[in-house]
Every structure is written in structure tokens, then in C-alpha cells.
Amino acid sequence: MEPRLDWDRDGLDWPHRGRSRFVEAAGLRWHVQRFAPTQTGAPRALLIHGTGSSTHSWRDFAPLLQAHFELLAIDLPGHAFTSLPDGGTYSSQFSLPGMAGALAQLLAAEGFAPDLVVGHSAGAAIGARMCLDGTVRPRLLASLNGALLPLGGLAGRIFSPAARLMAVMPGAPRFFAWRAGQEEVLQRLLESTGSRLDARGQDLYRRLAANPGHVEGALGMMAHWDLPALAEALPSLETPLLLLVGLLDGTVPPQEADRLVARLAREAPGRARVKKVSLEGLGHLAHEERPHAVLALLLLAWQDLG
């Protein structure tokens, strides 16, 4: 097991540290952040970050959403301050069903039943899997540049095998952390998302990417990811689905959302309620670039539910 981030050292200035606590569930020690509602009887929202990220991704978005919802944000297994599953990168808890099931156990331990699930990138896939499994029954699933369909072409054929190989190679997490810790390398990685982050956002990603334990968790997640099975099940999704799509996204191609809309229209006519909204001038980390704009579109979709 690689050295991991230490809360008493690395978390001293973590965004919204005062909202943080640690919860035991599904054999993991989870880092969670709870945001109390500012309105009595407010609905509840679950925030699920993507691969290689953490609760920090919601640092500016969560306080805005808190005016309308009670919030729970989490670090996924092996990410940031949540512990690595037993078995390390071999653990089935890194699979999509495994993460969805573990997160469901955490929600049960917290007594938190979300009315809204907001997932970014791979977090949207976890939210969709939970909706399909019936472990959550939100009124809306919001996908922020969601990775909901398998990669097409050559990338799709080599991504998972390559990730599995990297996940089990001795020293791979340390090597990737060393590389990502170099400023110019991290800058290229962030630029490849199509998003422009402020200095604070860049620093937080640098600290995560330079930690071998966090990298180990991200590699484990990528190695076990199986989107074909999710894509096969998506036409059975009964939860209304909002697709917020950054048109400059360099990580999940924007046209993937069009492919998903067409598939659901073809295979689930009259069943799947899906709406796509384009985010002009924004990339994969749109909610970090312009949280107010993303929130406004999310609230419009929520209000349309009636």
C-alpha cells in the first residue's frame, strides 16, 4: 500500500474542513462533508466526484447549492482521505457495482436518502448505477460531463487493459505521482480537460496527483471500470436524467451526450426522460470553472420537475 494523504497534515487547509468528518461503512473509513440546509425541510443532494478527484471539486459549487439543498459530499474509495479497500487495487470495491454498493452502505449509515444526485464524470456513472439498482431513488440525476458510455474506437479497446496493467505494476503509483508532481506535467493534464482553473484549484489537484496513495486509488478505479454493462442497462433508467455538457470538454467528448440521447430515444421511447444542456466555453471541470452558471442550469431542471 502506497503512502496516503494524512488528514492532520495534508487536510489542515482543505476546502470546508469544518464540514468534514470520518464515517466507517462497507469496510472503509470514508471522508465525508455534510452541509446543513439553510432552509427548513430542504431536499437532499448527494455529490459524487470523478476519477482522481475528491470533495475539493465542489469547493465553490457546494456553498451555492447549500442555499437550496442539504448536501453530502464524499471522497470515493481510495481517493484523497477515504481509505483504500482491503485488497488494494485488486478489490472488487473499485468496480462500478462495487463502488455503487459501498456508497449505498455509507448512505444507509448516514441516514441520507438523496432527492438529487449530482455526479461528475465517472461519478455520474456511479449515480446511474445506484439509481438502476434502486439503492437511491432521487427525483433527478444530474450528470456533469458524465462518463456514461464506453470509449469508442481504439481507446476503448486498450484503455481498461492498460489501466489494469498499470494498477498492478510495482511502483506505478509512485512513478505517476512523481510525474504529476512536476508543474509542467500537471499543467498539461489540466489543460487537456479543456478547463481553466484558478491557482487554488490547480494546487489542490497537484497535491492529490503527487500523492502515490491517491494515484493508487485512481488507477484501481480505472482498472475495474466496466461501462459496457452500464450502457446496456441505461435504457431501464427511470430517474429523469440531466446531461450538462461542456462543449470544450477534452476528457469526455461532448458528442457522447448526443450518442446517449439518441440511444435512449431509440431503445427506451417514452420511458427515459433525458435532457441535454450545453455549456458554452467550458470544459470537463465546468462546475469548478463557473459554479454559478452550472448551478443556475441545474436549478432550472429541478424546478421543471414541478
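Everything here concerns the structure above.
No experiment lies behind these values; they were computed from the predicted model shown. (Residues numbered from 1 in each chain as written. Predicted model: local features only at pLDDT ≥ 70, side-chain atom pairs only at ≥ 80, totals over all residues. Heavy atoms only, no water.)

Visitor: Even after reading the chapter, I still don't get the pairing of strand β1 (residues 20-25), so can you show me in this structure?
Guide: Here β1 pairs with strand β2 (residues 28-35) via 6 bridges, running antiparallel. Opposite Ser20, over in β2, you have Gln33 as the bridge partner. Taking the residues between adjacent antiparallel strands as the criterion, β1 and β2 are bridged by 2 residues, where Ala26 takes a positive phi near 55°. (Pairing = 2+ DSSP bridges. Helix = DSSP H or I, 4+ residues; strand = E, 2+ residues; numbered from the N terminus.)

Visitor: I keep staring at the nonpolar core and nothing clicks. Help me out?
Guide: Side chains that are nonpolar tend, in soluble globular proteins, to be buried together. Core analysis: the largest hydrophobic core is formed by 47 residues, its most contacted members being Trp30, Leu103, Ile126, Leu148, Trp225 and Leu234. Counting residues per element, this core draws most heavily on helix α3 (residues 96-110), at 8 residues. If we ignore the near neighbours within four places in the chain, the residues touching Trp30 are Arg21, Phe22, Val23, Ala25, Ile74, Asp75, Leu76, Pro77, Thr82, Ala102, Leu103 and Leu106. Ranked by size, the runner-up nonpolar core spans 27 residues in total, among them Phe35, Trp58, Val294 and Trp302. (Core = buried A, V, L, I, M, F, W, Y, C linked by side-chain atoms within 4.5 Å. Buried < 20%, exposed > 50% of the residue type's maximum accessible area, 1.4 Å probe, protein only. Contact = heavy atoms within 4.5 Å.)

Visitor: Before we go on, may I ask you to explain the side chain of Arg129 in this structure?
Guide: Residue position: Arg129 is located in helix α4 (residues 122-133). Its relative accessible area of 16% is what places Arg129 among the buried residues. Not counting the four nearest positions on each side in its chain, Arg129 is found in contact with Leu96, Pro97, Ala100, Leu230 and Ala233.

Visitor: Where do I start with the packing of aromatic side chains in this structure?
Guide: Considering all chains together, one arrives at 5 aromatic pairs under this definition. Ring geometry for Trp7 against Phe22: centres 5.5 Å apart, planes inclined by 75°, an arrangement best described as edge-to-face. Here Trp7, found in helix α1 (residues 7-10), pairs with Phe22, found in strand β1; they are 15 residues apart in sequence, far enough to count as distant. With relative accessibility at 15%, the residue Trp7 sits in the buried group. Between Phe69 and Trp302, the aromatic rings sit 5.0 Å apart at their centres with planes inclined by 70°, giving edge-to-face as the arrangement. Taken together, the residues Phe69 in the loop between α2 (61-65) and β4 (70-74) and Trp302 in helix α13 (residues 291-304) connect sequence positions 233 residues apart. Residue Phe69 shares its accessibility class with Trp302, and that shared class is buried. Three or more aromatic residues joined by ring pairs form one cluster here, namely Trp7, Trp14, Phe22 and Phe81. Across from the ring centre of Trp302, 4.9 Å away, lies the NZ or CZ of Arg139, which sits over that ring. (Phe/Tyr/Trp six-rings, centres within 6.5 Å; stacked < 30°, edge-to-face > 60°. Lys NZ or Arg CZ within 6 Å of the ring centre and 35° of its normal.)

Visitor: Please explain the pattern of salt bridges as it appears in this structure.
Guide: Two side chains carrying opposite charge are able to pair once their charged atoms lie near each other. With the rule as written, the count across this model stands at 17 salt bridges. Where Arg259 meets Glu256, a salt bridge forms, and the shortest distance between an N and an O atom there is 2.5 Å. Of the two residues, Arg259 and Glu256 both sit in helix α11 (residues 255-267), 3 residues apart, roughly one turn of that helix. Taking relative accessible area as the criterion, Arg259 reaches 39% and is therefore assigned partly exposed. One network of salt bridges, with partners in common, ties together Asp13, Arg200, Asp203, Arg206 and Arg207. (Salt bridge = Lys/Arg side-chain N within 4 Å of Asp/Glu carboxyl O.)

By themselves, these observations are geometric and do not establish any function.
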